Structures are given as C-alpha cells and as structure tokens.
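Chain by chain, the residues:
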Amino acid sequence: MDSTLLDIIFNLLGFRYLLNLLTVFFLFRFIYYKNYKKTDLFLTFFGFNSIIFFISFMLNKVEMSTGAGFGLFAVFSVLRYRTEGIGPKDMTYLFLSISIGLLTAIGPPDGIEIGLFCFVIIALTYILENSLWGKKEESKTIIFDSLDYINQSQQSELMKELKSKIGIEIHRLSVDNIDYLKDSCTITIYYYEN
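Right, let's walk through the structure included here.

What counts as what
Residues numbered from 1 in each chain as written. Predicted model: local features only at pLDDT ≥ 70, side-chain atom pairs only at ≥ 80, totals over all residues. Heavy atoms only, no water. Axes fitted to C-alpha atoms, helices over the stretch in contact; angles between N-to-C directions. Helix = DSSP H or I, 4+ residues; strand = E, 2+ residues; numbered from the N terminus. Parallel < 35°, antiparallel > 145°, perpendicular 65-115°, else oblique. Left-handed = near helix turned anticlockwise from the far one by under 90°. Contact = heavy atoms within 4.5 Å. Nonpolar A, V, L, I, M, F, W, Y, C, P; charged D, E, K, R; others polar. Phe/Tyr/Trp six-rings, centres within 6.5 Å; stacked < 30°, edge-to-face > 60°. Buried < 20%, exposed > 50% of the residue type's maximum accessible area, 1.4 Å probe, protein only.

Quick word on the packing of helix α4 (residues 88-106) against helix α5 (residues 111-129)
Point 1. Direction vectors running N to C along α4 and α5 enclose 165°, while the axes themselves pass 10 Å from each other. The orientation of α4 with respect to α5, classified from their angle, is roughly antiparallel. Read as a crossing pair, α4 and α5 show a hand that is right-handed. For the pair α4 and α5, contact is made by Tyr93, Leu96, Ile100, Leu103 and Thr104 and by Ile114, Phe117, Cys118, Ile121, Thr125 and Glu129, respectively.
Point 2. Here the residues of the contact of α4 with α5 sort into eight nonpolar, two polar and one charged.

Examining the packing of aromatic side chains
Point 1. Tallying each qualifying case throughout the model produces 17 aromatic pairs.
Point 2. Taken together, a centroid distance of 6.0 Å and an interplanar angle of 90° make the contact between Phe25 and Phe30 edge-to-face.
Point 3. Looking at Phe25, the relative accessible area reads 41%, which means it is partly exposed.
Point 4. On the basis of relative accessible area, Phe30 is assigned to the partly exposed category, the value being 40%.
Point 5. Seen in terms of ring centroids, Tyr33 and Phe42 are 6.4 Å apart; in terms of plane orientation they differ by 70°. Their pairing is edge-to-face.

In structure tokens form, the structure reads like this:
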C-alpha cells in the first residue's frame, strides 16, 4: 500500500474515532449519568460503540454497501444479555451508542456533516431527558404487604396508603402480581420527578 494512502486512512480513522468517542462520552457522562447515576453499563455502551465503529469502518473500506452496513447494525442492535435484563431506557442508550458508532464510521466523508449529526443526537437526547416538553414521569416497583386495597374500585385509597408509607405523590399505579399465599402484591407506582 502507498504510504500516502495509509496516512489518509489513519488520519480519517483518527478523526472519525475521536469524534465518535467525544460524542459517546458527552452523551453518557453528561446526559445518561446525570439523570440515572448509573455506571454499571458504561463498559457495555463504550464497548458496543467501539466494536461497531471499527467493524463498520473496516467493512466500509472493502466497498461494502450501506445496506449491508445497516444489516450489520441490525444484528448488533438486537443482541441482548441473557444473564441480566436491560431496561427500556438502557436499551435506548445502547441503541444510541451503536447508532453513533455506525454513523461516524460510514457516514458522509465531510466531517462537518457527521459532527452536525452527532450534535443533533446529543441535543435531542438532552431535550427529551431534561423534561423541556413537560414533566418527567418516573416509576418504581414495590412489594405491598397487604391485599386490602387491590380492587380496581379502591385505587384512590391504595394511592393514599402508599403515599403515607413512602412519601411520594403518586398519580397512577398498576398492580402487577398478586401473591395470595404471602398476602402481598407487586405494584408499579408512577410519579412526577420534582
């Protein structure tokens, strides 16, 4: 291979990977971590992002079509860990991580365009996560040690009882599981974040 071609490849790879890492770092450090205070999935997010980036970048150099790249993206995006459930929001962030890796690896040759796409992803995620369009609803699943108010017609009394016990203003709830042997039930409560 010609040394000029190698220089171009490494300069392009370095620029795209740096843009990729900066985008993913900003997304997870300043949006995901700020909202959820979780670091246990950082390795997953950064690992999937880097793997998708390098595989897509290398396959793009061998005249692979964009459709094949998106097929590869689809395969990786449906992967799930069987040992631990990943929540819908965490799966959304994993999807964003994979998307950014693919976008920066095989996106348009103009770095300004890729940078603009990355900025739009970050801005949209920030707007949606920071409740600029309305109140942010949160949920918690609790085990309630009584079956007194689980009847549908008694939900307002159940909400009052739960509010007095846990101190959260609940606006809706769902009874998910009833255990008649233990005289308890699993309830998901929904409330607005202050």
